[in-house]
Amino acid sequence: MFLDIRNLQVTFQTETGAVRAVNDLSLSLDRGKTLAIVGESGSGKTAAALSIMGLHGSSARIGGSIKLDDQELVGADDETFRRLRGDKVAMIFQDPLTAMHPHHRIGDQIAEAYQAHYSAKKQDVRRLILDMLDRVGMTDPKRVYASYPFELSGGMRQRAMIAMSLVCNPDLLIADEPTTALDVTIQAQIIDLLADLQKEFNSAVILVTHDLGVVAEFADDVVVMYCGRAVESGQAEQIFDHPGHPYTQGLLASVPRLDQERGMLVAIPGTPPNAGLTIEGCPFAPRCSRTQDVADDLCRSVLPPLVGIEDAHTAACHLAANDAEGRR
Amino acid sequence: MIGYVLRRLAFGLMTLWFISLAVFILFYVATPGDPALMFAGEYATYEQIDLIRTRLGLDQPLHVQYFTYIGNLLRFDFGTSFVNQEDVLATILRRLPVTASLAFGTVAIWVAIAIPTGVFSARRAGRLPDRLVTATALAGMSFPTFVVGTLLFYVLFFVLTNAGFPVFPSGGYVAFTRDPLEWLRHMLLPWMTLAVVGAGTYTRIARGSLLETLNQDYVRTARAKGLRENKVIYHHALPPSMTPVITMMGLDLGGLLGGTIITERIWGLNGVGSLAVQAVETGDLPTIMGTVIFAAFFVVAANLIVDVIQVLRNPQITL
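Cut-offs applied
Residues numbered from 1 in each chain as written. Chains lettered and ligands numbered in written order. Predicted model: local features only at pLDDT ≥ 70, side-chain atom pairs only at ≥ 80, totals over all residues. Heavy atoms only, no water. Helix = DSSP H or I, 4+ residues; strand = E, 2+ residues; numbered from the N terminus. Buried < 20%, exposed > 50% of the residue type's maximum accessible area, 1.4 Å probe, protein only. Contact = heavy atoms within 4.5 Å. Areas by Shrake-Rupley, 256 points an atom, 1.4 Å probe, with all protein chains shown as cover. Pairing = 2+ DSSP bridges. Salt bridge = Lys/Arg side-chain N within 4 Å of Asp/Glu carboxyl O. Axes fitted to C-alpha atoms, helices over the stretch in contact; angles between N-to-C directions. Parallel < 35°, antiparallel > 145°, perpendicular 65-115°, else oblique. Left-handed = near helix turned anticlockwise from the far one by under 90°. Nonpolar A, V, L, I, M, F, W, Y, C, P; charged D, E, K, R; others polar. Domains from an automatic or database assignment. Buried area = accessible area lost by both parts, 1.4 Å probe. Core = buried A, V, L, I, M, F, W, Y, C linked by side-chain atoms within 4.5 Å. Polar contact = N/O pair within 3.5 Å; in protein donor to acceptor, adjacent residues only side chain to side chain. pLDDT = per-residue confidence, 0-100.

**Focus on the overall build of chain B**
Now for step 1: Helices and strands together make up the secondary structure of chain B, namely 14 helices and zero strands.
Now for step 2: Beginning at the N terminus, the succession of helices and strands in chain B can be written as α-α-α-α-α-α-α-α-α-α-α-α-α-α.
Now for step 3: Taking the principal axes of its C-alpha atoms as reference, chain B extends roughly 85 × 60 × 35 Å.
Now for step 4: Buried residues in chain B amount to 43% of all 319 residues.
Now for step 5: Intrachain contacts of chain B at a sequence separation of at least 6 include 71% that bridge at least 24 residues.
Now for step 6: A total accessible area of about 16,500 Å² is found for chain B, and carbon and sulfur atoms account for 69% of it.

What follows is the structure, encoded as structure tokens:
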């Protein structure tokens, strides 16, 4: 396995106490595959992704194990992470306007990513970057090279960001909500571009998103996170065809569909609990419509473990095993 | 860009005109005594006072006096001192090198201390070294100039000299053009006096601004690229965070060039600040007016220069 995360814990020390952003998360990913981490804001999906790059500040405590190509990253020193970042693992951020330096030219920002890891002649670096800008679909690479971020449109900025992340040909690409800050029409272009480039570069991709449409189009595997925990994981078709966790079911039901009658959008009632609180039982129980189906009020007292409901498909719900049984 | 500079220039001239008007009202309309009496001195006869009044134009209607005043200002003519009949502008310009040495040196020391210390502090935010820096900065900021000056005078001049090490002079000024080393020797203690008080403020500003910049997304991106931490700090985070430091620097430099009263007094520097004090003490109206307008000019000019620098630093502003 190329990337293997076991029992990842990410805890932030804040003035009001420890906040556990990621709790007991395990996942794995092969080269050339795409894994989507799905969840709403605050579910810990970005925190999980950032710990692969060691980008959390000193207030974060990381536990468990992250193995990239058999190299253990939990507890690795700064220099190990620095060599990794941008070269072997690269990241695309949500909002390319704030994620790029406002006072540096696009070309210089990309060149820097390359020169942090490889030394080459100035003209060679320039040629490489112009080629990279061309590959991400820029019609006028030379103009983009000399532009400042604010001079480009949102879609072009994100293309430039992608060029920057791919310039060292990374083995693992982490895309953190890469389309959230973009227009819907541009979103599709960017996702197509990412899918094409992934084939070309044969990178593994972790796609952090709350957009299930993007997931359906692009992901091989899916991990659904809620309150810092994985509540369901499996292949994309499995998750979309027969979701095992009431939260996933709710998420899928809340996506408007063209092939069904129009009406009120379905929403999951309530909001996720505060990350600082310790929760007895299932964290989703207060918002779950099916707790009465479980005997002894088990949902509010016992944390459901991830159970296998079919090959490669697991869900953390007391009902999941029964449901799967019923389907068979 | 040129349009912007011209607009700012026009605005600066407006400010100066406004200040000159305030000065005129203060000294010609709301003046506490008769300027002619001040000029004439205690033993003048009525005839002499009348003669002076005519010569100063004080017997003219107010609007005539105002146009004469503005006309003189526009020709950089601040008049002659009541006390020694010297040309006011010449006196100020003669003293300017002293004040300029003090002002530029002080600001240079502030920045030279504040930027490395601010970076050091921000990189260790919340930890013990940061807290020590913060405490030291606050202590420095809380000292009044006269206390620091007196302490430095006592320890570094009096005690050292008595112990047989006359490293520093007690005060005075030696022109840079005459002897650069002596100039430095004479300026060090005055610089330190002002540095102790101001460096803390600048350190606090640099630290706070850098901390804010370090939280920006683009700094995270710089790290995500695998850049070394020093490059992240000095190439990506520090330059954008210098904006408030440069602004403060401009304001302070303008203020200092207008004269530093206490420091010049303590170290016997005959700069523009001590000239202003002497003029107030002797009721030397033209000199007071000259130093006020001169100080205003520097504040306005420094602001203008700072604004232009800030625009040049940000490619996003194209004018």
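**Thoughts on the sheet that holds strand β5 (residues 71-72) of chain A**
All names here are of chain A.
Now for step 1: One open sheet accounts for four strands, arranged β2-β1-β4-β5; its pairing is antiparallel. Strands at the two margins of the open sheet, each flanked by one partner only, are β2 (17-29) and β5.
Now for step 2: Bridge analysis of strand β1 (residues 3-14) against strand β4 (residues 60-68) gives eight bridges, and the strand direction is antiparallel. When the bridges of β4 are listed, Leu3 appears paired with Leu68.

**Points about the pattern of salt bridges**
Residue and element names in this part refer to chain A.
Now for step 1: What the rule picks out here adds up to 23 salt bridges over all chains.
Now for step 2: Here Glu200 ties to Arg135 by a salt bridge, and the two come within 2.6 Å at their closest N and O atoms. Placement of Glu200 in helix α8 (residues 184-201) and of Arg135 in helix α5 (residues 122-135) is noted, with a sequence separation of 65 residues between them.
Now for step 3: The partly exposed category is assigned to Glu200, whose relative accessible area is 49%.
Now for step 4: The salt bridge partner of Asp297 is Arg300, with a shortest N-O separation of 3.7 Å.

**Regarding the packing of helix α4 (residues 106-115) of chain A against helix α7 (residues 154-166) of chain A**
All names here are of chain A.
Now for step 1: Direction vectors running N to C along α4 and α7 enclose 25 degrees, while the axes themselves pass 8 Å from each other. The angle between α4 and α7 falls in the class roughly parallel. Like other packed secondary-structure pairs, α4 and α7 cross with a definite hand, here right-handed. In this structure, α4 contributes Ile106, Gln109, Ile110 and Ala113 to the contact, and α7 contributes Ala160, Ala163 and Met164.
Now for step 2: Taken together, the residues of the contact of α4 with α7 sort by class into six nonpolar, one polar and no charged.

**Side note on the sheet that holds strand β12 (residues 313-315) of chain A**
Residues and elements named next belong to chain A.
Now for step 1: The eight strands lie next to each other as β6-β7-β8-β3-β9-β10-β12-β11, forming an open sheet whose pairing is mixed. On the outer flanks of this sheet lie β6 (89-92) and β11 (307-310), each paired with one strand and no other. Each strand axis lies, on average, 20 degrees off the axis of its neighbour in the sheet, ignoring direction.
Now for step 2: The pairing of strand β3 (residues 34-38) with strand β9 (residues 221-226) spans four bridges and is parallel. When the sheet's bridge partners are listed, Val38 is paired in β9 with Val224.

**So, the domain arrangement of chain B**
Residue and element names in this part refer to chain B.
Now for step 1: Examined at the domain level, chain B breaks down into domain 1 (2-74) and domain 2 (93-318).
Now for step 2: Averaged C-alpha coordinates put domain 1 and domain 2 at centres separated by 34 Å.
Now for step 3: On the domain 2 side, the residues contacting the 17 residues of domain 1 number 13 residues.
Now for step 4: When domain 1 packs against domain 2, the two sides together hide about 1,300 Å² of surface, and 88% of this comes from carbon and sulfur.
Now for step 5: Looking at the side of domain 1 facing domain 2, the largest losses of area belong to Arg8, Leu16 and Phe27, adding up to 37% of the total buried there.

**Focus on the nonpolar core**
Residue and element names in this part refer to chain A.
Now for step 1: Ranked by internal contacts, the top residues of the largest apolar core, which has 77 residues, are Leu3, Val22, Leu25, Ile162, Leu172, Ile174 and Ile206.
Now for step 2: No other element matches α8, which puts seven residues into this core.
Now for step 3: Apart from the residues lying within four places of it in its own chain, the contact partners of Ile206 are Leu3, Leu29, Leu35, Ile37, Ile52, Leu172, Leu173, Ile174 and Ala175.

**As for the interface of chain B and chain A**
It is common to give the size of an interface as the accessible area that goes away when the parts come together.
Now for step 1: Between chain B and chain A, the contact holds 18 residues from the first and 24 residues from the second.
Now for step 2: Here chain B packs against chain A, burying approximately 2,000 Å² in sum over the two surfaces, 59% of which is carbon and sulfur.
Now for step 3: By the criterion of area lost to chain A, the three top residues of chain B are Arg220, Lys225 and Pro315 of chain B, representing 30% of everything that side buries.
Now for step 4: Counting every contact that joins chain B to chain A gives three salt bridges.
Now for step 5: Across the salt bridge formed by Glu79 of chain A and Arg228 of chain B, the nearest N and O atoms sit 3.6 Å from each other.
Now for step 6: For the interface between chain B and chain A, the tally reads eleven residue pairs in polar contact (both at pLDDT 80 or more).
Now for step 7: When residues of the side of chain B that touches chain A are traced back to their parent elements, those giving at least two are α9 (217-224) and α10 (229-241) of chain B.
Now for step 8: With six residues, α9 of chain B is the largest single contributor of residues to the side of chain B that touches chain A.
Now for step 9: Tallied by class, residues from the side of chain B that touches chain A come to five nonpolar, six polar and seven charged.

**Let's talk about the environment of Ile52 of chain A**
All names here are of chain A.
Now for step 1: Residue placement: Ile52 occurs in helix α1 (residues 45-53).
Now for step 2: Between the alpha carbons of Ile52 and Val89 there is a distance of 8.4 Å; along the sequence they are 37 residues apart.
Now for step 3: Not counting residues within four places of it along the chain, the set of residues in contact with Ile52 comprises Leu3, Ile5, Ile66, Leu73, Phe81, Leu84, Leu172, Ile174 and Ile206.

**As for the confidence of the model for chain B**
Residues and elements named next belong to chain B.
Now for step 1: Within chain B, residue pLDDT values average 89, and 99% of them lie at 70 or more.
Now for step 2: Mean pLDDT in chain B bottoms out at helix α2 (residues 35-40), which sits at 74, and peaks at α9, which reaches 95.
Now for step 3: Complex prediction metrics read pTM 0.84 and ipTM 0.88.

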